[in-house]
Amino acid sequence: EMIPCPADTVNPSDFLPAATRDVDHMFSRLTEITGSMENVHLKRLFELFWSDDGFTRDIKAAPAAKKMHHAYLGGLLEHTLSMALLADRIADHYGGIDRDLLIAGTILHDMGKIREFEYSTSIDYSDEGRLVSHIVIGIQMLEEKLQDFEDFPAELANLIKHMIISHHGAREFGSPEPPKTIEAVLLNYIDEIDSKVNGIREFMAAEDPGESWTSYHRLLGRHFYRGK
């Protein structure tokens, strides 16, 4: 006999691909990074995000994409943490980089994906995601948090917004503006590195383990060599 199962009793990770890394541990590492910020305005901004139970619940669950990279539950958090760790290293490598701004951009650039995707029974775009996009949703989410400030610097707010809207790198790739600050340029390339490496590794892992070369990757237009 079959009986209906209430949706709120179902764990989506029992049926959908999920991150193999512990999401609570990844989230803890992310909060440690924002806690180390010296910019008091950015530090407080992230305190507001992390104290938002709905936001923290969703960022732990959301995928970063439908297919290309980190396309599994917890993928957005894994992608975000990986980028933040890269940003921290790169900020030390180059002189004159605003570390806190770069890290803030890496953490916030994709946050609109928690509403761009629907991932309760399958990973697909939500109506809002298809109609509005995660870039616009992310700007809206940032604006909502900034309303709790009376003294958040206008220039700093604009710089963060610019990083969100320019992180795809070019208008033809979906960004309203191309990167126009060093931190925004770095964000674009850090995003490219992390998304491409994860996507290619996932593609390789799904291939025949006995073959030295993968099948043809249609989106990237090449085979990948895996070694003998």
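Above: the structure in question.
Residues numbered from 1 in each chain as written. Predicted model: local features only at pLDDT ≥ 70, side-chain atom pairs only at ≥ 80, totals over all residues. Heavy atoms only, no water.

A.B. asks: Explanation requested: the overall build of the chain in the structure shown.
C.D. replies: Each helix and strand in the chain was counted, giving ten helices and two strands. Listed by position from the N terminus, the elements making up the chain come as α-α-α-α-α-α-β-β-α-α-α-α. Here the chain has a C-alpha radius of gyration of 19 Å; the compact-globule value for 228 residues is 17 Å, and the two agree. For the C-alpha atoms alone, the extent of the chain along its principal axes is close to 55 × 50 × 35 Å. Sorting the 228 residues of the chain into buried and exposed places 45% on the buried side. Partitioning the contacts of the chain with sequence separation of at least 6, the portion at a separation of at least 24 is 59%. Taken as two groups, the 23 positive and 38 negative side-chain charges of the chain have centres that lie 6 Å from each other. (Helix = DSSP H or I, 4+ residues; strand = E, 2+ residues; numbered from the N terminus. Rg over C-alpha atoms; globule rule 2.2 N^0.38 Å. Buried < 20%, exposed > 50% of the residue type's maximum accessible area, 1.4 Å probe, protein only. Contact = heavy atoms within 4.5 Å. Lys, Arg positive; Asp, Glu negative; His and termini not counted. Charge placed at Lys NZ, Arg CZ, Asp CG, Glu CD.)

A.B. asks: Looking at this model, I keep getting lost on helix α1 (residues 23-35). Mind explaining?
C.D. replies: An α-helical segment advances 3.6 residues per turn. Residues three or four places apart therefore align on the same side. Taking 1.5 Å as the rise per residue, α1 with 13 residues should run 18 Å; its terminal C-alpha atoms sit 18 Å apart, in good agreement. Listed as buried for α1 are Met26, Phe27, Leu30, Ile33 and Thr34. The buried residues of α1 all sit within an arc of 115 degrees when viewed along its axis, so they share a single face. In this fold, the buried residues of α1 make contact with α2 (40-50), α3 (53-61), α4 (75-93) and α5 (99-108). You can read the cap of α1 off the contacts: a side-chain oxygen lies 3.2 Å from the backbone nitrogen of Asp24, and it is on Asp22. (Expected span 1.5 Å × (residues − 1). Arc of directions from axis to C-beta. Polar contact = N/O pair within 3.5 Å; in protein donor to acceptor, adjacent residues only side chain to side chain.)

A.B. asks: Could you clarify how one ought to interpret the nonpolar core in this entry?
C.D. replies: A general tendency of soluble globular proteins is for nonpolar side chains to be buried together. By size, the foremost hydrophobic cluster in this structure holds 54 residues, and its most contacted members are Leu45, Leu102, Leu108, Phe152 and Ile160. Sorting the residues of this core by element identifies α1, α2, α3, α4, α5, α8 (134-146), α9 (154-166) and α10 (182-205) as the ones contributing at least two each. Tallying contributions element by element places α4 first for this core, with eight residues. Among all residues touching Leu45, those that are not within four sequence positions of it are Leu108, Leu142, Lys145, Leu146, Phe149, Phe152 and Ile160. (Core = buried A, V, L, I, M, F, W, Y, C linked by side-chain atoms within 4.5 Å.)

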